[in-house]
Amino acid sequence: MIRSAAFASPKINCVGNARPGPVCVTGAGYVGLVTAVCLADSGIEVRLLDIDRDRLALLARGRAPIHEPMLDELLASVLERGLLRLCDDTADAVRGATVVMIAVGTPPLSDGRADLSQVRAALTSAVACAGSDTVMVIKSTVPPGTTVNLRRLCRHDGRSLPLAVCPEFLSEGSAVKDFRQPPQVVIGGDDAPACRRVAELFAHINAPVLITDPTSAELIKYGVNAFLALKISFINEIAHLCELVGADVETVADGLGADSRIGRAFLGAGLGFGGSCFPKDVRALDQAASYHGQTFELLRAAVEINAQQRSRFVAKVQRALRGNLHGRRIAVLGLAFKPGTDDVRQAASIDVIRHLEDLGADVVATDPVARSTAALELPATRMAADAYECVRGADAVVIVTEWPEYRALDWQRVAGLVRRRIVIDGRNCLDADAVVNAGFTYVSTGRPTRRPAATAQAPRQRIA
Ligand SMILES: NC(=O)c1ccc[n+]([C@@H]2O[C@H](COP(=O)([O-])OP(=O)(O)OC[C@H]3O[C@@H](n4cnc5c(N)ncnc54)[C@H](O)[C@@H]3O)[C@@H](O)[C@H]2O)c1
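Notes on the structure follow. In every chain, residue numbers begin from 1 and rise along the written sequence. Local features in this predicted model are restricted to residues whose pLDDT is 70 or higher, and side-chain atom pairs enter the listing and the counts only when it is 80 or higher, whereas totals over whole chains, interfaces and linings include all residues.

**Some remarks on helix α12 (residues 297-320)**
The α-helix advances 3.6 residues per turn, and as a result positions three or four apart in sequence lie on the same side.
Right, so step 1: Under the 1.5 Å per step criterion, the end-to-end length of α12 is 34 Å for 24 residues, consistent within 8% with the ideal 34 Å.
Right, so step 2: R322 sits one or two residues past α12 and shows a positive phi near 60°. Helix and strand assignments come from DSSP, with helices taken as H or I runs of at least 4 residues and strands as E runs of at least 2, each series counted from the N terminus. One less than the number of residues in a helix, times 1.5 Å, gives the span that helix is expected to have.

In structure tokens:
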């Protein structure tokens, strides 16, 4: 179903049956790679262009440079079927393409604004090589007004190519699934046939298509991320209040979430949001609002609360160890900003570990897949191969990422390995009964601390 907010004509819903022509995707990162592989898997001929030759060489061997469920298998399959071609030359990638999608990074500048230099460079070089009816599409997340401003870069040799924006809503850790089953496809553009051509690429996907003006499409993308970030910060403030008044945030969140106007998703109390999108998009939206004279207080509060959650967590670890972290061994379980990915950009783990180390703690960390990406940010931190190795001799075990592996730990076994039986769960993800029954003091977010029944204080363990 296509909903058209910008175009009056009901004929907009005439997505054709013919297979779309070749597509060039520029940027082989999370969004570009997943987009290219999934479009190719649907039978479209895709060229994937990147300036990073090492990345392309790895991809050519059928290996994705990022950890994402199903991605390696799909990549190998589309390469073998000849549906995906890897390119380091713009002219080669763009020649004959009916659509060029720009999916390069928009990292934050020091003041929080989105850095659009990669988008401008990629668009300019693609336009110079594109045919006169090629549709240019911005897939990167860009601030409201950007696509309209970028139109001037689509003029070349007396031609003016249509430019649309098609923001991406996938989440890392479930990127392939999210791309294939999005809640909707949003396309922003002022050229109806060009928007239809973009919509045709998603004809195999069972999701409503919303076609609107470019600035509204850009704002939908920022609005989604900002709203979800607000939800997380909201529940974290409720969690703080729960600790003060003796309530249980999980019960409160269940109650809130049962109301269909609210929903339970993104009401997980704990260490807050991280990753390459929420923090940067919330700040970029705030900057975009400021540019137009608006002070978006709600966004600023969400960012501040998120930062506070990390320092509150470290303070909890400190309190659990009677105020002194000097020389204490802390086992940190989880480095990725969320389960399912090896991405540690803006991850809570990085802030928490640096803070613990600044306070003199001896940190040993682990993660199922993100140890090497995290080691680049934390060169002095010891990495353990798995959770059981990590907790050996620990004065406290802290959970930073809610990997299923950590939920399933054998706490009786962990109890035999640690020096002190203290767990601080930054994601409220463990089975509290299992942890407490193994003799641990269990500290979480927005809930009363639980101690083992027999002992008010966990005994000091002897380590073999
Ligand atoms: N990562 C996510 O979960 C996610 C989700 C939705 C939207 N987004 C948005 O999508 C965009 C891309 O994000 P990402 O995480 O995939 O970025 P990324 O940093 O993982 O990848 C960007 C890629 O672009 C390549 N590149 C840079 N300049 C280029 C050029 N001129 N020509 C060709 N390639 C070039 C880089 O080498 C890199 O491989 C961002 O705007 C981001 O906000 C990201």
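**Thoughts on the pairing of strand β15 (residues 396-399)**
Right, so step 1: Neighbour counting defines burial: a residue surrounded by 20 or more other C-beta atoms within 10 Å of its own C-beta is buried, one with 12 or fewer is exposed, and intermediate counts give partly exposed, using backbone-placed C-beta atoms. Side chains A396 and V398 of β15 all project onto a buried face; the interleaved residues V397 and I399 project onto the opposite face, where all are buried too.
Right, so step 2: Two strands are said to pair when DSSP picks up at least two bridges between them. Relative to strand β16 (residues 422-425), β15 is paired through three bridges, and the arrangement is parallel. Paired with V397 across the strands is V423, a residue of β16.

**A short note on the sheet that holds β16**
Right, so step 1: The six strands are arranged β14-β13-β12-β15-β16-β17 in an open sheet whose pairing can be described as parallel. Of all strands in the sheet, those with a lone pairing partner are β14 (382-383) and β17 (441-443), marking the two edges.
Right, so step 2: It is the C-beta atoms, placed from the backbone, that decide contacts: two residues are in contact if theirs lie within 7 Å. Fitted lines through C-alpha atoms serve as axes, helices being fitted only where they are in contact, and the angles separating the N-to-C directions of these axes extend from 0 to 180 degrees. On top of the sheet, α12 reaches β12 (329-333), β15, β16 and β17; it is set at about 170° to β16, its chief contact.
Right, so step 3: Strand contacts of helix α13 (residues 348-358): β12 and β13 (362-366), with the helix running at about 160° to β13, the strand carrying the most contacts.

**Here's the deal with the site of the ligand**
Right, so step 1: Within the structure, the ligand sits among 26 residues, and G27, G29, Y30, T106 and S140 are positioned closest to it.
Right, so step 2: Put simply, the parts of the chain that give the shell around the ligand at least two residues each are α1 (30-41) and α5 (117-129).
Right, so step 3: The classification used treats Ala, Val, Leu, Ile, Met, Phe, Trp, Tyr, Cys and Pro as nonpolar, Asp, Glu, Lys and Arg as charged, and all other residues, Gly among them, as polar. Partitioning the shell around the ligand into residue classes produces eleven nonpolar, ten polar and five charged. By definition, a residue lies near a molecule or strand provided its backbone-derived C-beta atom is within 6 Å of it.

**Topic: the packing of helix α9 (residues 214-245) against α12**
Right, so step 1: Interhelical geometry of α9 versus α12 gives an angle of 55° and a closest axis separation of 9 Å. The orientation of α9 relative to α12 falls into the category oblique. Remark: the crossing between α9 and α12 carries left-handed chirality. Between α9, through A226, A229, L230, S233, N236 and E237, and α12, the contact on the second element is made entirely by L298, L299, A301, A302, I305, N306 and Q309.
Right, so step 2: Of the residues belonging to the contact of α9 with α12, the class tally is eight nonpolar, four polar and one charged. What sets the label is the angle itself: under 35 degrees gives roughly parallel, over 145 gives roughly antiparallel, 65 to 115 gives roughly perpendicular, and the rest give oblique. Crossing handedness is defined as follows: a turn of the near helix away from the far one that is anticlockwise and smaller than a right angle gives a left-handed crossing, while the clockwise case is right-handed.

**Examining the environment of C24**
Right, so step 1: Within the secondary structure, C24 sits in strand β2 (residues 23-26).
Right, so step 2: The exposure class assigned to C24 is buried, which follows from the 30 C-beta atoms found within 10 Å.
Right, so step 3: In sequence terms C24 and Q309 are 285 residues apart; their C-alpha atoms lie 42 Å from each other.
Right, so step 4: Beyond its immediate sequence surroundings of up to four residues, C24 is in contact with R47, L49, A93, V94, A97 and V100.

**Re α1**
Right, so step 1: Taking 1.5 Å per residue as the helical rise, α1 with its twelve residues ought to reach 16 Å, and the 16 Å between its terminal C-alpha atoms agrees with that figure.
Right, so step 2: Buried residues of α1: Y30, V31, G32, L33, V34, T35, A36, V37, C38, L39, A40 and D41, and no others.
Right, so step 3: At its buried positions, α1 is contacted by β2, β3 (46-49), α3 (71-80), β4 (84-87), β5 (99-102) and α7 (175-180).
Right, so step 4: G43 lies just past α1 and shows a positive phi near 105°.

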